[in-house]
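For reference, the chains in residue letters:
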Amino acid sequence: MTRRIKKVAIIGSGIMGSGIACHFANIGVEVLLLDIVPRELNDKEKAKGLTLEDKVVRNRLVNDALATSLKSKPSPIYSMAFADRITTGNIEDDLHKIKDVDWVMEVVVERLDIKKQVFEQVEKHRKPGTLISSNTSGIPIKFMNEGRSEDFQKHFAVTHFFNPPRYLKLFEVVPGPNCDQEVTDFLMMYGDKFLGKTSVLAKDTPAFIGNRIGIFGISSLFHIVKELDMTIEEVDKLTGPVIGRPKSATFRTIDVVGLDTLVHTANGVKDNCPDDEMRHIFEIPDFVNQMMENKWLGSKTKQGFYKRVVGEDGKKEILSLDLKTLEYRKKQRAKFATLELTKTVDNVIDRFPILVSGKDKAGEFYRKSFAAMFAYVQNRIPEISDELYRIDDALKAGFGWENGPFEIWDSVGIEKGIELMKAEGKEPAAWVTEMLSNGETSFYTVKDGATYYYDIPAKKQVKKPGQDAFIILDNIRESKAVFKNSGVVIQDLGDGILNCEFRSKMNTIGADVLAGINKAIDLAEKDYQGLVVGNQAANFSVGANIGMIFMMAVEQEYDELNAAIKYFQDTVMRMRYSSIPTVVAPHGMTLGGGCELSLHADMVVAAAETYIGLVEFGVGVIPGGGGSKEMTLRAADTFHKNDVELNVLQEYFLTIGMAKVATSAYEAYDTGILQKGKDIVVVNKDRQLATAKAYARLMADRGYTKPIQRTDIKVLGKQALGMFLVGTDSMEAGRYISEHDKKIANKLAYVMAGGDLSEPQRVSEQYLLDLEREAFLSLCTERKTLERIEHMLKKGKPLRN
């Protein structure tokens, strides 16, 4: 059976229900979002003379919930226009409409009695073959679908999203006892290919995989914190980015998620897993119970492990909870000698052997916490999963870990991991001992660019399924490299396509990266058929190396600075005017120079979560790597679609002048950074490079011809320049911008107007590039600009506003 999901029904419009509805809308699916009918009027409805029979009243709960979700930050939806794909209603009046949907998902309160009532009503209206799923985080399926028809049970599973659904990648699929294999396979495929998730097949056990292991990790830390007499700042310092975890680390994450949510899940595991050998770890410690009693639940109650206050001077300050006294105090700085040893180690996975060897409290903390984690995950197979890689996938996708538990264990060495466990009184599982006795010394290996994992029943390394649709740069970086310098690695992706991967700090674009791009084009033009520029770091690129610009400007090396900017411009122009197709694959932060590079590719294959924009105004300059030229060109290309050319140009001017950053790739279409009909968006970032390669290959196969440089760009001259100058004068007079901001804006106005030409003319790209470079250089001589750059460098900030 070939399934197509054109329309879904989401029953329950709370935080998760509305978030899931928005994400289905994100991918183009029509959504019916339903909730219960209010039982009484609110004050506003009474004042308007409404009754409980009025539709606006009957749909109040669902409409309010969706509106709240759409206003939340970060946004649950790629573009506000996509919200039109969601239709709201209530269960009493509109449940019959589910006969027209392809998938019904229940997202109501975590009470079995209520869920069973919902499913009883669903069964009355659904058509046979319709998928039914629950977003429960732990209620056993056998209880939820008890008494339901055979067709219902064949098409029923748990599909567990993590909050927020748009951003967290974990999608746990838990088939019911009578669920068809076809349904399970479809849900796994759909989560990956359409929803952009990491689909993880889980068993119907309490908390499934992600929360079972993740909550164990946090619960274990609660005990270690007391044992080692640690502060929450110390723990958050040790459990954040240094080990590849989110900046919110442990206690800030709990504040965001809600302490009550964590306690509920921990109690659920403790109460429903009587045979869990570490069940006692899920016991809630006294200090957490006291916080629950005090309603110190985190962000939702304005205080948790951290509390934001306003001091007598009016300044905001974040206080920390002292776990001994349960009183708030000023934050304390945490510093450890062990962490200092990792500062020169860029790859997180290479830090773990150093961390567990530390001689200070940090080393002791890591030895204890990793020993507990290794001991726990080894014994969850086959209870919660038959395959170890699913545990790693769940933790990486659901909790934002860069490396899963078994990957970390591999990093420190299996024998070393066993040593850590034994020091804490834990023994290795029988399958781990057997694996070592069979000569297998790691949980994972890489062969021919593919990841293999140790399969316990087969007693050998087996290829991890599902990766044929991906290109994993970590697996091919060395074996497929054809060139490398300090800024890039160029890999042969096969089928005649090269990839240029940035490897600089935060993927900033400096001389080595530019040299690498030019080398990649040289190689591709000589021996290959296409080029992709893409990487799999957290961000595509935060922009140009402003440190280099600052030093040249301070030293007044203007000839060198001019040459450097021209080199950048020439490089992006080579991206557009080479004899092979070029595809750029941006994701995450793609700012300044990273955005300019994307603007000049033959095609952009953007990850949906791409935050892209020309942000140079924040540093005190205009885009100098072709960005100002390109936005002028794109404005001119749309003049024929709009009678008022000045208005069109102004929109593109404001995109740069306001340093707009799109909050999704779809929003980048609205700012003119991405172009409809040319650039595409990929929801699953894991598939991005393979998709980019496929499009480069397709362009080559169609017969790619080197484009001709543009000499027909219409600029408006004094007509546009006058409008812009009047506007900046008014903005300064109204104190909306500073004198320096006005100077930057006027420089941009001069470039985008094409100079002070007496009448509209057709000019070349090179003409605009020369104006752009001249304006950029003149701004680099400004004291205010240098002060801004120096401030950002001291703060360690990337090139962004």
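These remarks concern the structure in this document. Each chain carries its own residue numbering, running from 1 in the direction its sequence is written. The model is predicted, so local features are restricted to residues of pLDDT at least 70 and side-chain atom pairs to those at 80 or more, both for listing and for counting; the totals for chains, interfaces and linings are taken over all residues. The basis for every side-chain value is the complete set of heavy atoms in the structure, and neither hydrogens nor water enter the calculation.

1. Structural notes on the sheet that holds strand β16 (residues 488–494)
Strand-to-strand pairing in sheets goes through backbone hydrogen bonds, with the strands running parallel or antiparallel. Note the following rule: In this analysis, strands are considered paired if DSSP registers two or more bridges between them. Helix and strand definitions here come from DSSP, where helices need a minimum of 4 consecutive H or I residues and strands a minimum of 2 consecutive E residues; each element is numbered from the N-terminal end. Axis definition: a line fit to C-alpha positions, over the contact stretch in the case of helices; interaxial angles, taken between N-to-C directions, run 0 to 180 degrees. Should any heavy atoms of two residues lie within 4.5 Å, those residues are considered in contact.
Strand order in the open sheet formed by seven strands is β15-β16-β17-β18-β19-β21-β23, and the pairing between neighbours is mixed. A strand with exactly one partner marks an edge of an open sheet, and here the two such strands are β15 (481–484) and β23 (680–682). Taking the axes of each pair of neighbouring strands and ignoring which way they run, one obtains an average angle of 20 degrees across the sheet. Relative to the sheet, helix α23 (residues 511–527) contacts β15, β16, β17 (497–502) and β18 (530–534), its axis offset from that of β17 by approximately 175 degrees.

2. Topic: the pairing of β16
Rules: To sort residues, take the accessible area from a 1.4 Å probe on protein chains only and compare it with the maximum for the residue type: under 20% means buried, over 50% means exposed, and anything in between is partly exposed.
Burial within β16 is extensive, with five of its seven residues counted as buried. If you look at the hairpin formed by β15 and β16, you'll find three residues sitting between the two strands. Direction of pairing for β16 relative to β17: antiparallel, over a ladder of six bridges. If you follow Q491 over to β17, its bridge partner there is N499. Between β16 and the antiparallel strand that follows it, β17, lie two residues; D495 among them carries a positive phi value of about 60 degrees.

3. Points about a positive patch on the surface
The condition that has to hold: Each patch is built from salt-bridge-free residues with over 30% relative accessible area, joining like charges within 9 Å and nonpolar side chains (Val, Leu, Ile, Met, Phe, Trp, Tyr) within 5 Å. Accessible surface is estimated by sampling points in the Shrake-Rupley manner with a 1.4 Å probe; for residues, cover comes only from the protein chains shown. A side-chain nitrogen of Lys or Arg and a carboxyl oxygen of Asp or Glu constitute a salt bridge if their distance falls within 4 Å. Residues counted as positive are Lys and Arg, residues counted as negative are Asp and Glu, and His and the chain ends are not counted. All charge positions are set by atom: Lys at NZ, Arg at CZ, Asp at CG, Glu at CD.
On the surface, R4, K6, K127 and K193 cluster together into a patch of positive charge. Position of K127 among the secondary structure elements: in the loop between α6 (112–125) and β5 (131–134). By relative accessible area, which is 33% here, K127 ends up partly exposed.

4. Side note on the pattern of salt bridges
Within the structure shown, the criterion is met by 63 salt bridges. When the shortest N-O distance is used, the salt bridge between R773 and D770 registers 3.3 Å. In this pair, R773 and D770 are both assigned in helix α33 (residues 765–780), three residues apart and thus about one turn of the helix distant. Residue D770 is classed as partly exposed on the basis of its relative accessible area of 32%. Among the charged side chains, a network of salt bridges with common partners joins R39, E53, R58, E92 and D93.

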